[in-house]
Amino acid sequence: MGARPCLIIDLVVGRGEITDAAWSRIEPPLPQRDNAGRPWRDHRQVANGVLWRLRTGAPWRDLPERYGPWQTVYRRFARWEKDGTWARLLQQVQVRDDAVGAVEWTVSVDSTVARAHQHAAGARKKGPEAGDESEDPAAVTRREALGRSRGGLTTKVHLAVDGRGLPLSIVLSAGNTADCTMFPAVLDAIRIPRTGAGRPRTKPDRVVADKAYSSRKIRRLLRRRGIKATIPERRDQIADRARRAGGGGRPPAFDKVAYRGRNVVERCFARLKQFRAVATRFDKLAARYRASVVIAALFLWLRAGG
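So, here's what we can say about the structure.

Next up on the list: the overall build of the protein. Counting its secondary structure elements, the protein contains 12 helices and 9 strands. Put simply, of all contacts in the protein between residues at least 6 apart along the chain, 63% involve residues at least 24 apart. Carbon and sulfur atoms form 50% of the exposed surface of the protein, whose accessible area is close to 16300 Å².

Below you can see the structure in the form of structure tokens.
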């Protein structure tokens with residue numbers, strides 16, 4: 001028999017409990033008391049509740065009683081999204097791996113589309129005055145990273161992953177947004193602080209991407225930052241250069257061997273979508289949905305770190 005495939009559920013005990021090893025890495029920085037000075041309900045119980053909902057995609061109200069009141073679990077999830085706790089936990093494990101040289105800085109970039117459930121539409125509109133842009137349904141849709149297509153409402157998750165297929169940056173956009181337009185934001189979102197002195201690392205050694213990112217603007221951006229680009233040209237670009245003969249310039253360098261590793265980002269999407277609340281967007285707010293993706297990414301890093 002072949003080797004057993006690596007599944008995300010190996011991170012948890014039974015059907016939703018975080019392992020002791022994983023908890024020992026994320027528990028120390030968690031706050032012990034709220035702003036009123038009262039002790040928090042057991043963090044591990046609440047985190048297991050968040051993980052259960054993330055894994056199943058079920059409504060918060062259907063949370064099993066063993067995780068405590070669903071309102072408590074949801075409020076903790078939302079509060080830690082708002083104050084950046086989930087993002088800091090992810091950054092903490094990234095910093096640890098980078099400090100020991102485990103992060104592979106050949107970065108692959110791509111996006112995937114997540115279908116938005118009908119409950120994800122209709123986020124509360126904000127704005128002090130009637131007629132404000134934020135009251136415009138189209139503006140609200142754009143702000144909440146929802147795009148309408150033939151299939152309905154969709155959200156795009158843009159990732160930059162390291163050579164092992166672990167997320168370094170996560171950016172959301174409407175599902176009908178072109179990948180190339182989001183590339184600068186994805187690249188800028190890569191930021192791993194140092195354990196000692198020095199600026200955070202933001203510059204990959206190489207960026208690997210498919211033809212959707214083949215544009216002069218992207219190549220110039222990477223060249224200006226001193227980052228090697230492994231991006232194949234589109235057919236129309238090749239034909240245009242051939243038509244212009246000597247005026248078309250030299251074809252961009254392309255490393256076929258490096259490009260073979262691009263599929264790590266596709267494998268990362270497959271692992272993230274084992275979490276049903278990532279595969280389908282149920283959250284009305286883009287910030288809440290991104291927090292779900294961040295938590296799923298956190299567990300990918302925890303599993304990779306042992």
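Tallied over the entire structure, the rule returns 18 salt bridges. Between Asp-240 and Arg-243 there is a salt bridge; the shortest N-O distance is 3.0 Å. Of this pair, Asp-240 and Arg-243 both sit in helix H8 (residues 235-243), 3 residues apart, which is roughly one turn of that helix. A single network of salt bridges, built from pairs that share partners, joins Arg-25, Arg-96, Asp-97, Asp-162 and Arg-164.

This paragraph deals with helix H2 (residues 43-56). Its 14 residues place the ends of H2 20 Å apart at the C-alpha level, agreeing with the 20 Å of an ideal helix rising 1.5 Å per residue. Counting buried residues in H2 gives 11 out of 14 residues, a clear majority hidden from the surface. Among the residues making up H2, those that are buried are His-43, Val-46, Ala-47, Asn-48, Gly-49, Val-50, Leu-51, Trp-52, Arg-53, Leu-54 and Arg-55. A positive phi of about 75° marks Gly-57, the residue just after H2.

A few words on the packing of helix H6 (residues 179-188) against helix H7 (residues 216-224). Between H6 and H7, the shortest axis-to-axis distance is 9 Å and the interhelical angle comes to 20°. Here H6 lies roughly parallel to H7, going by the angle between them. Where H6 crosses over H7, the handedness of that crossing is left-handed. Each of Cys-180, Phe-183, Pro-184 and Leu-187 in H6 lies in contact with H7, whose residues at this interface are Ile-218, Leu-221 and Leu-222. Of the residues assigned to the contact of H6 with H7, the class counts are 7 nonpolar, no polar and no charged.

Within the fold, Gln-94 resides in helix H4 (residues 85-99). With 99 residues separating them along the chain, Gln-94 and Pro-193 place their C-alpha atoms 8.7 Å apart. With sequence-adjacent residues up to four places away left out, Gln-94 is seen in contact with Val-103, Pro-167, Leu-168, Ile-192 and Trp-301.

A separate point is the nonpolar core. Core analysis: the biggest nonpolar cluster contains 74 residues, and Trp-86, Leu-159, Phe-183 and Leu-272 have the highest contact counts within it. Those residues in contact with Leu-159 that lie beyond four places of it in its chain are Ser-108, Val-109, Asp-110, Pro-167, Ser-169, Ile-170, Val-186, Val-265, Cys-268, Phe-269 and Leu-272.

Given a rise of 1.5 Å per residue, 15 residues ought to cover 21 Å, and the 21 Å separating the end C-alpha atoms of H4 matches this to within 8%. Buried residues of H4: Thr-85, Trp-86, Leu-89, Leu-90, Val-93, Gln-94, Val-95, Asp-97 and Asp-98, and no others. Of the surrounding elements, those touching the buried residues of H4 are helix H1 (20-26), H2, helix H3 (70-82), strand S6 (167-174) and helix H12 (286-305). Downstream of H4 by a residue or two, Gly-101 has a phi angle that is positive, lying close to 75°.

A few words on the pairing of strand S3 (residues 106-116). Within S3, 8 of the 11 residues are buried, which leaves the element mostly enclosed by the surrounding structure. The pairing of S3 with strand S7 (residues 206-208) spans 3 bridges and is parallel. When the sheet's bridge partners are listed, Val-107 is paired in S7 with Val-207. Direction of pairing for S3 relative to strand S5 (residues 152-161): antiparallel, over a ladder of 8 bridges. From the neighbouring strand, Arg-115 faces S5, where its bridge partner is Thr-154.

Here is what the cut-offs are and how they apply
Residues numbered from 1 in each chain as written. Predicted model: local features only at pLDDT ≥ 70, side-chain atom pairs only at ≥ 80, totals over all residues. Heavy atoms only, no water. Helix = DSSP H or I, 4+ residues; strand = E, 2+ residues; numbered from the N terminus. Contact = heavy atoms within 4.5 Å. Areas by Shrake-Rupley, 256 points an atom, 1.4 Å probe, with all protein chains shown as cover. Salt bridge = Lys/Arg side-chain N within 4 Å of Asp/Glu carboxyl O. Expected span 1.5 Å × (residues − 1). Buried < 20%, exposed > 50% of the residue type's maximum accessible area, 1.4 Å probe, protein only. Axes fitted to C-alpha atoms, helices over the stretch in contact; angles between N-to-C directions. Parallel < 35°, antiparallel > 145°, perpendicular 65-115°, else oblique. Left-handed = near helix turned anticlockwise from the far one by under 90°. Nonpolar A, V, L, I, M, F, W, Y, C, P; charged D, E, K, R; others polar. Core = buried A, V, L, I, M, F, W, Y, C linked by side-chain atoms within 4.5 Å. Pairing = 2+ DSSP bridges.

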